[in-house]
Amino acid sequence: MPSAYEASSLTALLIQKCTTTISLKKARQLHALMATSATLSAQSPYAHNNLLSMYGRCGSLGDSQLTFDKMPQRNIVSFNALIAAYSRTPSHANLPFKLLTHMEIEDLRPNGSTFTSLLQGSSSLEDQITGSELHAQVVKSGFLNDVCVQTSVLGMYSNCGDQESAEKVFEDIMDKDVVAWNSIIFGNLKNERIKNGLHVFGSMVRNGVIPTQYTYSMVLNACSKLGNRDCGQSIHARMIIFNTIADLPLQNALLDMYCSCDDVQTAFTIFCRIENPDLVSWNSMIAGYSKKGDGEMAIDMFVRLLRMSFAESDEHTFAAVISATGGLAASDYGKPLHAQVMKAGFQSSVYIGSTLVSMYFKNDETDSAQKVFSLIPEKDVVLWTDVITAHSRMGDGETAVRFFHEMRQEGHKIDSFVLSGVLSACADLATLKQGEMIHSLALRTGCDVEMSVCGSLVDMYAKNGNLQAAQSIFSQVEYPDLKCWNSMLGGYSHHGRAEEGLKLFDEILILNIRPDHVTFVSLLAACSHCGLVEQGKLLWSQMKEMGIMPGPKHYSCMVSLLSRAGLLEAAEEIIIESPFREDYLELWRTLLSSCISNKNLSIGVHAAEQVLSLDAEDSATHTLLSNLYAAAGRWDAVAEIRRKIRGLMLEKDPGLSWIEVMNHIQVFSSGDQSHSHPRIDEAQYELHRLLRNIVRSETDEFDVMVFET
């Protein structure tokens, strides 16, 4: 039988093991050993309390509760250990409050540790009412000077979104330690008061409190969100000056900050100095190159990661590298990566699915994008938004609107991004009723005040012919961004209101807002519609002075402006100097069309030759050339062109029309007999009925006229 000293030593050893064990299997073995070695004394709860804490640390709340229930004697530490275990688990965070009542029955008063754990529980539940009641008990019980308890109160208010109350608690803490400072900084960041969080960090430093690695990680993440490289770099410099030892999470925070601020070169330098980079480090670098638009370097980093054996790629890895390949050929990069995703078992991931859908849409592979979309069982708002905006951007507004209604039927929350996308689709389709319905939805959800939605509403109403509504919405925006200004400019241009558009442009310049290429497209188009040649030339020069390189649409507007004014030689010179003269044949067609009305055969024939040299079967150009010869009285040339047209058997591409019926958009072309329209027979029957009525009405009118004469 062991001596008292040996038994005491064994007890101390087993209890010490309890404080470090995190394996449930080992915890149960220790418990059994302590039970068989008479370590668990009926008189003292000390050993039981350590067992209780050990099970809580191992995540076995059932064992913790069982140990607590079987304890022959309990003290405040016993209750605190079980309360702490429950409070750390969000799904059980409501149970500690029942223990508080039990504690009072056993005549035990809560201490600082009790309140700290209970506040953590109410924080996990985001239950501010219970948290406030606990705060009152803290004051009543005299723990106002307990920094740990006050910090827990502060954290509870922050986690419940009441940052003002959190700051009041923080101000009342007499001797603020680094944990209190970290808590108030974290609360600001969590509640999207990022700049304020950085200001608090500045106050912390000025008060002589030494930041921890966790502090630096938080404020660097704040700089990442703001994209503030200067601030992030100054924090990095402070770390170096004060010899702060950067652990891996802090090094990853530095990587993320530089990558988020587009300084991938500095990020890569830091990455190379990390002794053992983890998957987070690799993901940050891949995402950094992807954001920078350097797809090949992102793929290179991904390939290097695959050669490492320490970790498998996760969702963040695949999402980052697939995003980087959007501008590259899908067959070279996107599709092989898609195969890797399927091999890794992530084909149902909505996070990766969004990037795959975006990649396929960027490569104009709509069918592949639709297939990926349909295979994702639980679609989120981001995925739906990507699909809707992609279809809208590609000019398939009908599908964009249909997907929007499907998204709503699935019960997803509507946000400003998806509303902006579907409103753009309504603008391009010129479906006013659909647009008005979505506007009312924006009003109900409160998204109508979002800048992106305002701009899309202005654009939608303007393109649907309701310029007054567009002006009304625009006038209510206090500080319009450039997109919103451009939408209103586009509206004036669309309606041929050049004077109003030019006044609006003057306002943009007065406000020191820098115009972009979209601004000048709208202005030049307005000048073209109204024949303001001199004003158009002035804007053309002004655009170049601002460093904005003219694109195809700018050249198209200028050619149209000059051609309509009869300045055909000047229009021809503009085309010749354009870098798009061979890729954008519409410039020559515009000039050719104006040559018909001006009967300028030489320039017109030259314009036609330029198009036909690149596309000999261009039906529109052959037709325009025939009309030019007819205008000039060259009937022999007209006959020859028409013979050539018949020989080539050219046909004009049919124009499309659409109509909105019962909230559905029907698209059709002239002579369309397709049975893809489910109600085409019904529509034809109705059309024939109307025609018969028209014929009958005309016959009746004729009879009346004959009778009266």
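Summary of the structure given here. (Residues numbered from 1 in each chain as written. Predicted model: local features only at pLDDT ≥ 70, side-chain atom pairs only at ≥ 80, totals over all residues. Heavy atoms only, no water.)

Looking at the environment of Thr 212
Looking at the element boundaries, Thr 212 is found in the loop between α12 (194-206) and α13 (213-226). What makes Thr 212 partly exposed here is its relative accessible area of 27%. With residues up to four places along the chain from it excluded, the contact list for Thr 212 reads Val 178 and Asn 182. A distance of 3.4 Å separates polar atoms of two side chains, one belonging to Thr 212 and the other to Asn 182. (Helix = DSSP H or I, 4+ residues; strand = E, 2+ residues; numbered from the N terminus. Buried < 20%, exposed > 50% of the residue type's maximum accessible area, 1.4 Å probe, protein only. Contact = heavy atoms within 4.5 Å. Polar contact = N/O pair within 3.5 Å; in protein donor to acceptor, adjacent residues only side chain to side chain.)

Examining the pattern of salt bridges
Taken as a whole and assessed by the stated rule, the structure comprises 13 salt bridges. Between Glu 365 and Lys 335 there is a salt bridge, with the nearest N and O atoms lying 3.3 Å from each other. Highlighted residues: Glu 365 in the loop between α21 (350-362) and α22 (366-375) and Lys 335 in helix α20 (residues 330-344), separated in sequence by 30 residues. According to the relative accessible area criterion, Lys 335 is partly exposed, its value standing at 38%. Measuring nitrogen to oxygen at the nearest pair gives 3.5 Å for the salt bridge that ties Asp 459 to Lys 463. With Asp 459 and Lys 463 both in helix α27 (residues 451-463) and 4 residues apart, this pair spans about one turn of that helix. The class for Asp 459 is buried, based on a relative accessible area of 17%. (Salt bridge = Lys/Arg side-chain N within 4 Å of Asp/Glu carboxyl O.)

Focus on the environment of His 606
The topology assignment puts His 606 in helix α36 (residues 601-614). Look past the residues within four positions of His 606 in its chain and what remains in contact with it is Glu 572 and Trp 588.

Considerations on the environment of Leu 591
Topologically, Leu 591 is positioned in helix α35 (residues 586-598). Judged by relative accessible area, Leu 591 falls into the buried class, the value being 0%. Sequence separation of Leu 591 and His 606 is 15 residues, and the distance between their C-alpha atoms is 9.9 Å. Contacts of Leu 591, omitting those with residues within four sequence positions, involve Val 559, Ser 563, Leu 568, Ala 571, Glu 572, Ile 575, Ile 603 and Ala 607.

What to know about the layout of surface pockets
By volume, the largest pocket amounts to about 820 Å³. The wall of the largest pocket is formed by 25 residues, among which Asp 459, Lys 463, Val 518, Ser 522 and Lys 553 lie closest to the centre. Only α23 (381-393), α25 (416-429), α27, α29 (482-494), α31 (517-530) and α33 (552-564) provide two or more residues apiece to the lining of the largest pocket. When its residues are assigned to classes, the lining of the largest pocket shows 4 nonpolar, 14 polar and 7 charged. (1 Å grid on protein atoms, 1.4 Å probe; cavity = no way out; pocket = protein on both sides within 12 Å on 5 of 7 lines; lining within 4 Å. Points joined across faces, edges and corners; volume = space filled by probe spheres on them. Nonpolar A, V, L, I, M, F, W, Y, C, P; charged D, E, K, R; others polar.)

Nothing here speaks to function; it is geometry throughout.
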